[in-house]
Structures are given as C-alpha cells and as structure tokens.
Amino acid sequence: RAACYRQEDGGDEYNAEGQNEQQPQPQAQLSQRLQFLSSKLQQINLPRLIDQMERDQEVADHLNFINEETAQEVEHKRMVREAEAMSMDIMKQHLEEYLRAYPRSTYESWIGALHPDNIVEGKLVDDAAAAGGTTGSTTMEIDHRFYVEDSDHRRLWNDSLSEQNDG
C-alpha cells in the first residue's frame, strides 16, 4: 500500500499522490445516507413537476403556432407585393400602348379603357354648347378615387407626361 497521510483534524486519509482514500463506511453511515436521499426524493413533488412541464409544453406549442402564423403572414405579404408589382407592370404596359395608339388622349379615357367598370357617361359642356350651339361632346367621368394624388394610376399617368415632356 502507498504511503498514506491523515489530515491533522482527523479527516480522510490521502495517499502520496494526494488522492482521497476513503475507508469503507460503516453500515450506520450508509443507512443514514440512504435515509437522507430518501427524504430528499420525497420532497420532490412529481405531480407539480409534471404540471409545470405540461404548462411549459403548452407555451412551446403556442409559440410554435405563432411562429407558423408569422411565417405564413410573411409569405402572404411577399405574394401581395409580387402581385402589386405585376399589376403595376401591366398598367404601365397598357398605358404605354394606349398612348402610342392615342397620343392626345386624356387620363379619363385611359382609365375608361383600363377599367371600363369605373366609368360613368357624362356630357362635356363647352363654350359653344353653352352659347346655344350643338357642339357638346361626350366625355367620361371616372370614380373620384382615381384622382387621389397617391393613386398608382395617377402617378403612372403623371410620370408618362413627364417622360413625354422630357423626351
């Protein structure tokens, strides 16, 4: 057996390498340890732990549901942006073709060609017609929302006018 050193306070013995060499514990000490462990295990409230784990799982499931909804919403918004961009491209292409075919056309006539369901037929009263002449010409009245400054249609029309004046 390697040389052993006992601590002066009467504690455990250590060998020359400094490793603890515990002596086998008497039966009474083992019994006390088992009782201690048993009392600690009895203090654990398993039903409460299970309830807490179930609540934690419910929270995790709810968060997972929210994450899935968020991912779907992101995808839906991406699809909306893509559809809006395609719609703008179609309107711009229609406007370019319309202005090539009818270079002196009006905003209202373009809207009438693009969205005939938003037109209300009306009468344009010019000076000759007001003076008793017969020179009234038919024009189109369009839904007032097409005149909103931020309307995509109005912006496209105004941009096309700017390009015509610049070109």
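These numbers come from a predicted model, not from an experiment. (Residues numbered from 1 in each chain as written. Predicted model: local features only at pLDDT ≥ 70, side-chain atom pairs only at ≥ 80, totals over all residues. Heavy atoms only, no water.)

Caption draft 1: Main features of the overall build of the protein chain. Across its full length, the protein chain carries five helices and five strands. The helix and strand sequence of the protein chain, counted from the amino end, reads β-β-β-α-α-α-β-α-β-α. Per-residue burial over the protein chain gives 14% buried out of 167 residues. With the model as given, the accessible surface of the protein chain reaches about 13,700 Å², and the carbon-plus-sulfur share is 52%. (Helix = DSSP H or I, 4+ residues; strand = E, 2+ residues; numbered from the N terminus. Buried < 20%, exposed > 50% of the residue type's maximum accessible area, 1.4 Å probe, protein only. Areas by Shrake-Rupley, 256 points an atom, 1.4 Å probe, with all protein chains shown as cover.)

Caption draft 2: Quick look at helix α5 (residues 152-166). Here α5 spans 21 Å end to end across 15 residues, near enough to the 21 Å set by a 1.5 Å rise per residue. For α5, the capping residue at the N-terminal end is S151, with a side-chain oxygen 3.3 Å from the backbone nitrogen of H153. (Expected span 1.5 Å × (residues − 1). Polar contact = N/O pair within 3.5 Å; in protein donor to acceptor, adjacent residues only side chain to side chain.)

Caption draft 3: Molecular detail of a negative patch on the surface. Together, E96, E97, D159, E163 and D166 line one region of the surface with negative charge. Counting only elements with at least two residues in the negative patch, the list comes to α2 (46-101) and α5. With three residues, the top contributor of residues to the negative patch is α5. The residue E96 is located in helix α2 in this model. E96 gets classed as partly exposed once you look at its relative accessible area, which sits at 37%. (Patch = residues over 30% accessible without salt bridge, like charges linked within 9 Å, V, L, I, M, F, W, Y side chains within 5 Å. Salt bridge = Lys/Arg side-chain N within 4 Å of Asp/Glu carboxyl O. Lys, Arg positive; Asp, Glu negative; His and termini not counted. Charge placed at Lys NZ, Arg CZ, Asp CG, Glu CD.)

Caption draft 4: Focus on the layout of surface pockets. Considered as a void within the structure, the largest pocket measures approximately 170 Å³ in volume. Contributing to the lining of the largest pocket are K92, L95, E96, L99, R100, L156, D159, S160, E163 and Q164. Of all the elements in the fold, those that place two or more residues in the lining of the largest pocket are α2 and α5. Grouping the constituent residues of the lining of the largest pocket by class yields three nonpolar, two polar and five charged. (1 Å grid on protein atoms, 1.4 Å probe; cavity = no way out; pocket = protein on both sides within 12 Å on 5 of 7 lines; lining within 4 Å. Points joined across faces, edges and corners; volume = space filled by probe spheres on them. Nonpolar A, V, L, I, M, F, W, Y, C, P; charged D, E, K, R; others polar.)

Caption draft 5: Structural view of the nonpolar core. By size, the foremost hydrophobic cluster in this structure holds 13 residues, and its most contacted members are L95, Y107, W110, I111, I142 and W157. Of all the secondary-structure elements, those providing two or more residues to this core are α2, α3 (107-114) and α5. When near neighbours in sequence (up to four residues on either side) are disregarded, L95 contacts W110, L156, W157 and S160. (Core = buried A, V, L, I, M, F, W, Y, C linked by side-chain atoms within 4.5 Å. Contact = heavy atoms within 4.5 Å.)

Caption draft 6: A look at a nonpolar patch on the surface. Together, L41, I44, L46, L49 and I50 give the surface a local cluster of nonpolar side chains, amounting to about 470 Å² of exposed area. Ranked by residues supplied to the nonpolar patch, first place goes to α2 with three residues.

Caption draft 7: Spotlight on the confidence of the model for the protein chain. Residues of the protein chain with pLDDT of at least 70 account for 73%, and the chain-wide mean is 80. Taken as a whole, residues 123-137 scores under 50 in pLDDT and shows 12 contacts with residues more than four places along the chain or in a different chain. (pLDDT = per-residue confidence, 0-100.)

Caption draft 8: Fine view of the pattern of salt bridges. Taken as a whole, this structure holds five salt bridges when the rule is applied. Between K77 and E73 there is a salt bridge, and its shortest N-O distance comes to 3.3 Å. One end of the pair, K77, and the other, E73, are both in helix α2, four residues apart, so they sit about a helical turn from each other. When its relative accessible area of 47% is taken as the criterion, K77 is described as partly exposed. Look at E73 and you get partly exposed, because its relative accessible area is 44%. Put simply, D152 and R155 hold a salt bridge, and the shortest N to O gap is 2.7 Å. Of the two residues, D152 and R155 are both situated in helix α5; the distance of three residues between them amounts to about one turn of the helix. A relative accessible area of 31% places D152 in the partly exposed class.

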